[in-house]
Amino acid sequence: MNILVVGGGGREHALVWKIAESPLVDRLFCAPGNAGIAEQAECVDIGAEEVLRLRRFARENAIDLTVVGPEAPLVKGIVDAFETAGLRAFGPSQQAARIEGSKVFAKQLMQRHSIPTAEFRTFTAPERAKAYLDMVGAPIVVKADGLAAGKAAIVCRTLEEAYEAVDRIMIRNEFADAGAQVVVESCLRGEEASMIAFTDGRTLAVMPSCQDHKPIYDGDRGPNTGGMGAYSPAPLISDELAAQLEREVLVQTVHAMNREDKPYRGVLYAGIMVADEGPRVLEFNCRLGDPETQPLLMRLESDLVPVLLSTLDGTLEDADIRWSERPTCCVVMASGGYPLSYKKGYPIEGLEEAGAMDDVVVFHAGTRLEDGQVLTNGGRVLGVTAPRRP
Ligand code: AMP
Ligand code: GLY
């Protein structure tokens, strides 16, 4: 079959790397891809959010399955657009993707269905949000409702910071339409981990636990990034806690979406704070994590393609999904200055030597090829991941 992967970061390189091993694949494309992806797939110069151009490409190239990496096209409705044209795309529908696309929707869903999360209120007017802040005080978390490339949540230590967060989101419109509403929620203390599952809307296949590392510097210092690395499993998540989270969060959420007529198919990602008062959901994502996918797929022993197909077909119950016992770890190499401003276009040396190591896979994130030379092309550049399956 012909497969198209949508996206061009480290997560998509891991997807392409894993899918390329499948004997079911004839041709593998990736839009837009990157320099590393170009070694395993044919890169197509179409942006991940150009839904209509992607659909035309899929139709013209007899694509049997499209696998969508990032959240933005899912929230825009890429899966619905493909299905309308008789094309199969892996991921939730636009309505179901609201679980990530709107924090207000996600919080209210959790409230309606008793899924454990931090206490919150939602606001459409800045002065009301501030009046509430005066009442509850700091520390407090202010979040823009919509997608903001992982920057929508602002953890505020003081009331001044919280006021400033409301101003940034609702008055200075730094997040544009994503900031039309805010969620103000209580600040949880604890350690974070992720629970990620495939689901066809009936069956859940939970992946091993994993944890990403958000602050830029060692020792948990510096501003938050998209993730400077990840490992699996997360020692924080005992087998008992994993079973509890599956029951109380993942199963409940899939049921809740069914009951609200937004059947959920694809990957459901729950970001969890293991807080003193018990585990609480920080956020849902409607896709695989980046960089969590790199260590997770490195542990997946079975063929990914039938798993993706059975998720679409509603036959996940019968899928063969085996994970290696070996823990895996991905370390991100980032551009100086990231996650603030940074330069692009530096040549990258040593890729072949690193890639030749037995146990290591160097996934590319922000890279591009120019005259045979790999150049940096983003904040997160490479995701060095080990150990490869035996
Ligand atoms: P989110 O985009 O909602 O996952 O938030 C991004 C990051 O902000 C999380 O990974 C946490 O580190 C932090 N965060 C979000 N919500 C809270 C909360 N209620 N309490 C403490 N930290 C939070
Ligand atoms: N690494 C966090 C995320 O993918 O949302």
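Worth saying up front: this structure is predicted, and the values here are computed from it rather than measured.

Visitor: Could you give me a rundown of the site of ligand 1, with the residues and numbers involved?
Guide: Taken together, 15 residues form the shell around ligand 1, and within it E185, S186, L188, E192 and E283 come nearest. A distance of 3.0 Å separates an oxygen atom of ligand 1 from a polar side-chain atom of K143. E283 is positioned with one of its side-chain polar atoms (N or O) 3.1 Å from an oxygen atom of ligand 1. The fraction of the free accessible surface of ligand 1 (460 Å²) that becomes covered by protein chains is 91%. For the shell around ligand 1, the elements supplying multiple residues, two or more each, are β7 (140-144), β8 (153-156), β9 (182-186) and β17 (278-285). Considering only residue class, the shell around ligand 1 consists of eight nonpolar, one polar and six charged.

Visitor: Mind laying out the packing of helix α1 (residues 10-20) against helix α11 (residues 304-313), listing which residues take part and the relevant values?
Guide: It is the contact of α1 with α11, at a shortest axis distance of 8 Å, that shows an interaxial angle of 105°. With respect to their mutual orientation, α1 and α11 come out roughly perpendicular. Contacts from L15, K18 and I19 of α1 reach α11 at L304, V305 and L308.

Visitor: Lay out the sheet that holds strand β18 (residues 328-334) in plain terms, naming residues and giving numbers.
Guide: One open sheet accounts for five strands, arranged β12-β15-β18-β22-β19; its pairing is antiparallel. The sheet terminates laterally at β12 (211-212) and β19 (361-364), the two strands that pair on one side only. Strand direction decides the pairing type here: strand β15 (residues 229-232) and β18, joined by four bridges, are antiparallel. The residue of β18 that forms the bridge with A230 is C330.

Visitor: Give a description of the environment of E192 that names residues and reports values.
Guide: Within the secondary structure layout, E192 lies in strand β10 (residues 190-199). On the basis of relative accessible area, E192 is assigned to the partly exposed category, the value being 35%. Put simply, E192 and D318 are 126 residues apart on the chain and 31 Å apart in space, counted from C-alpha to C-alpha. Once you skip the residues sitting within four places of it in the chain, E192 turns out to touch Q211, K214, L236, I272, M273 and L282.

Visitor: Residues and numbers for the pairing of β15, please.
Guide: Where β12 and β15 come together, two bridges link them in antiparallel fashion. Considered in β15, the bridge of Q211 is made with Y231.

Visitor: How would you sum up a negative patch on the surface? Please name residues and give values.
Guide: A surface patch of like charges, here negative, comprises E39, E349, E352 and E353. Along the chain, E349 turns up in the loop between β18 and α12 (351-356). Relative accessible area serves as the criterion here: at 63%, E349 is assigned to the exposed category.

Visitor: Provide a residue-level description of the site of ligand 2, including the pertinent values.
Guide: With respect to spatial proximity, the complete set of residues near ligand 2 consists of D212, G226, Y269, N285, R287, G289, D290, P291 and E292. Between ligand 2 and the protein, one listed contact pairs an oxygen atom with a side-chain N or O atom of R287 at 3.0 Å. In the model, a nitrogen atom of ligand 2 is placed 2.9 Å from a nitrogen or oxygen of the E292 side chain. Within the complex, 91% of the 200 Å² of free accessible area of ligand 2 lies under protein. Its residues assigned to classes, the shell around ligand 2 shows two nonpolar, three polar and four charged.

Visitor: Describe the packing of aromatic side chains, and please don't skip the residues or the numbers.
Guide: Evaluated as defined, the whole model comprises four aromatic pairs. Geometrically, the ring pair formed by F123 and Y132 is tilted, given 5.4 Å between the ring centres and 40° between the ring planes. For the pair F123 and Y132, a shared accessibility class is recorded, and that class is buried. Both rings, one in Y338 and one in Y342, keep their centres 6.2 Å apart while their planes meet at 65°; by these two values the pair is edge-to-face. Accessibility expressed as a relative area gives 31% for Y342, which makes it partly exposed.

Visitor: Before we move on, could you go through unusual backbone geometry and cite the residues and values that matter?
Guide: Cis rather than trans, the peptide bond between D290 and P291 has omega equal to 20°. In the segment running from Y338 into P339, the intervening peptide bond is cis, with an omega of 10°. Not every positive phi belongs to a glycine, and A62 is a case in point at roughly 50°. Mapped onto the secondary structure, A62 falls in the loop between α2 (51-60) and β4 (65-68). Residue classification places A62 among the partly exposed residues on the basis of a relative accessible area of 49%. Not every positive phi belongs to a glycine, and S114 is a case in point at roughly 55°. Structurally, S114 can be placed in the loop between α6 (103-112) and β6 (120-123).

Visitor: A description of the pairing of β4 should follow, citing residues and the corresponding values.
Guide: Covered by surrounding structure in β4 are L65 and V67 together with T66 and V68, the residues of both alternating faces. The sheet contact formed by β4 and strand β5 (residues 89-90) spans two bridges and is parallel. Residue pairing across strands places T66 opposite A89, the latter belonging to β5.

Visitor: Can you break down the sheet that holds β9 residue by residue, with the values?
Guide: Read across the sheet, four strands follow the order β6-β9-β7-β8 without closing on themselves; strand pairing throughout is antiparallel. On the outer flanks of this sheet lie β6 and β8, each paired with one strand and no other. Neighbour-to-neighbour, the strand axes of this sheet turn through a mean angle of 20°, independent of strand direction. In terms of strand pairing, β6 meets β9 through four bridges, oriented antiparallel. The residue of β9 that forms the bridge with F120 is E185. Across the face of the sheet, helix α7 (residues 126-136) comes into contact with β6, β7 and β9 while running at roughly 155° to β6.

The rules we used
Residues numbered from 1 in each chain as written. Chains lettered and ligands numbered in written order. Predicted model: local features only at pLDDT ≥ 70, side-chain atom pairs only at ≥ 80, totals over all residues. Heavy atoms only, no water. Near = heavy atom within 4 Å. Polar contact = N/O pair within 3.5 Å; in protein donor to acceptor, adjacent residues only side chain to side chain. Areas by Shrake-Rupley, 256 points an atom, 1.4 Å probe, with all protein chains shown as cover. Helix = DSSP H or I, 4+ residues; strand = E, 2+ residues; numbered from the N terminus. Nonpolar A, V, L, I, M, F, W, Y, C, P; charged D, E, K, R; others polar. Axes fitted to C-alpha atoms, helices over the stretch in contact; angles between N-to-C directions. Parallel < 35°, antiparallel > 145°, perpendicular 65-115°, else oblique. Contact = heavy atoms within 4.5 Å. Pairing = 2+ DSSP bridges. Buried < 20%, exposed > 50% of the residue type's maximum accessible area, 1.4 Å probe, protein only. Patch = residues over 30% accessible without salt bridge, like charges linked within 9 Å, V, L, I, M, F, W, Y side chains within 5 Å. Salt bridge = Lys/Arg side-chain N within 4 Å of Asp/Glu carboxyl O. Lys, Arg positive; Asp, Glu negative; His and termini not counted. Charge placed at Lys NZ, Arg CZ, Asp CG, Glu CD. Phe/Tyr/Trp six-rings, centres within 6.5 Å; stacked < 30°, edge-to-face > 60°.

The analysis is restricted to geometry; functional conclusions fall outside its scope.
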